[in-house]
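Descriptive structure summary
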Amino acid sequence: MSLLEIDSVNFSYGKNPILSGIYLKVTKGEVVGFLGRNGCGKSTLLKVIFGSLKGDSQSVRISGTFYKTPFQSGMIKFMPQDGLFPGFLTAKSAAQMYCSDLEKLLVDSTVSQYFQYPFDQMSGGVAKYVETLIVLYSPAKFVLLDEPFSYVAPVLVERLIPIIKSVAQEKGILMTDHQYQSILDVSDRLYLLRNRALYSITDVQDLADMGYIR
């Protein structure tokens, strides 16, 4: 079974510790979500896992093999919260670089409508939706999604949730977003990043008990 495993992740900005002793695993066939307040280190954790940011320490293994720079393995893709592709690039060009199944991607009406458009000619929400689908339909075994629902129209969020669940039958997906209800709806397992550590969450009451929601 394909397994993405992260442990001993420590990260500091200067003398300010952000992540401490983080352990997490994601297997093929599941969506793992995590929540956290602004500035708690959610994006930092994803970047450390991907390998674009180096922690004070970290161990990232894919199916038991350690990778110093995981993205170089080709088995992991990352959708950053501020977008992945340059604005001048068309969705078609991005898809041709990233996707292994263009037909499956083009089944989506929004993607097909904007397929010839550069990303800077789409609204921010549409661009994020299209980018997220392109990353999901890449051949990578694991996908990291940072804020895929933020600033996306509710109708597209509703469409994206079952797509993520469907893609997760063949991949492992790790994601975070401030729309906690959407993360609850899509995740098989859920965590809260708080006080530099990850805490397992089983339901909304746990989030309230830990002060994330009222």
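Structure first, text after, so check above.
Residues numbered from 1 in each chain as written. Predicted model: local features only at pLDDT ≥ 70, side-chain atom pairs only at ≥ 80, totals over all residues. Heavy atoms only, no water.

1. Focus: the pairing of strand β1 (residues 3–13)
Across a regular strand the side chains alternate sides, sitting on one face of the sheet and then on the other. As paired strands, β1 and strand β2 (residues 16–27) are joined by eight bridges and run antiparallel to one another. Pairing of Y13 across the sheet is with N16, part of β2. Taken together, β1 and the strand that follows it, β2, pair antiparallel across an intervening segment of two residues, in which G14 is found at a positive phi of about 65°. As paired elements, β1 and strand β4 (residues 57–62) share five bridges and run antiparallel to each other. Its bridge partner lying in β4, I6 is registered against V60. (Pairing = 2+ DSSP bridges. Helix = DSSP H or I, 4+ residues; strand = E, 2+ residues; numbered from the N terminus.)

2. What about the packing of helix α5 (residues 124–136) against helix α6 (residues 154–167)?
Where α5 meets α6, the closest approach of the two axes is 11 Å, and the angle between their N-to-C directions is 10°. Judged by the angle between their axes, α5 and α6 are roughly parallel. Across the interface between the two elements, V126, Y129, T132, L133 and L136 from α5 touch L156, R159, L160, I163, I164 and V167 from α6. Class assignment of the residues belonging to the contact of α5 with α6 gives a composition of nine nonpolar, one polar and one charged. (Axes fitted to C-alpha atoms, helices over the stretch in contact; angles between N-to-C directions. Parallel < 35°, antiparallel > 145°, perpendicular 65-115°, else oblique. Contact = heavy atoms within 4.5 Å. Nonpolar A, V, L, I, M, F, W, Y, C, P; charged D, E, K, R; others polar.)

3. Observations regarding the environment of L207
Structurally, L207 can be placed in helix α8 (residues 204–209). For the pair formed by L207 and L35, sequence separation is 172 residues and the distance between their alpha carbons is 9.2 Å. Among residues more than four places away in sequence, those in contact with L207 are L35, Y180, L184, L192, I201, Y212 and I213.

4. Thoughts on the pattern of salt bridges
Applying the stated criterion across every chain yields a total of five salt bridges. For E170, the salt bridge is made with K28, and the minimal N-O distance between the two is 4.0 Å. Of this pair, E170 sits in the loop between α6 and β8 (172–176) while K28 sits in the loop between β2 and β3 (31–35), and the two are 142 residues apart along the sequence. Look at E170 and you get exposed, because its relative accessible area is 57%. Here K28 falls in the partly exposed class, since its relative accessible area comes to 38%. Note that D108 and R159 form a salt bridge whose closest N and O atoms lie 3.3 Å from each other. In this pair, D108 sits in the loop between α3 (102–106) and α4 (109–114) while R159 sits in helix α6, placing the two residues 51 residues apart along the sequence. Using a relative accessible area of 27% as the deciding quantity, one classes R159 as partly exposed. (Salt bridge = Lys/Arg side-chain N within 4 Å of Asp/Glu carboxyl O. Buried < 20%, exposed > 50% of the residue type's maximum accessible area, 1.4 Å probe, protein only.)

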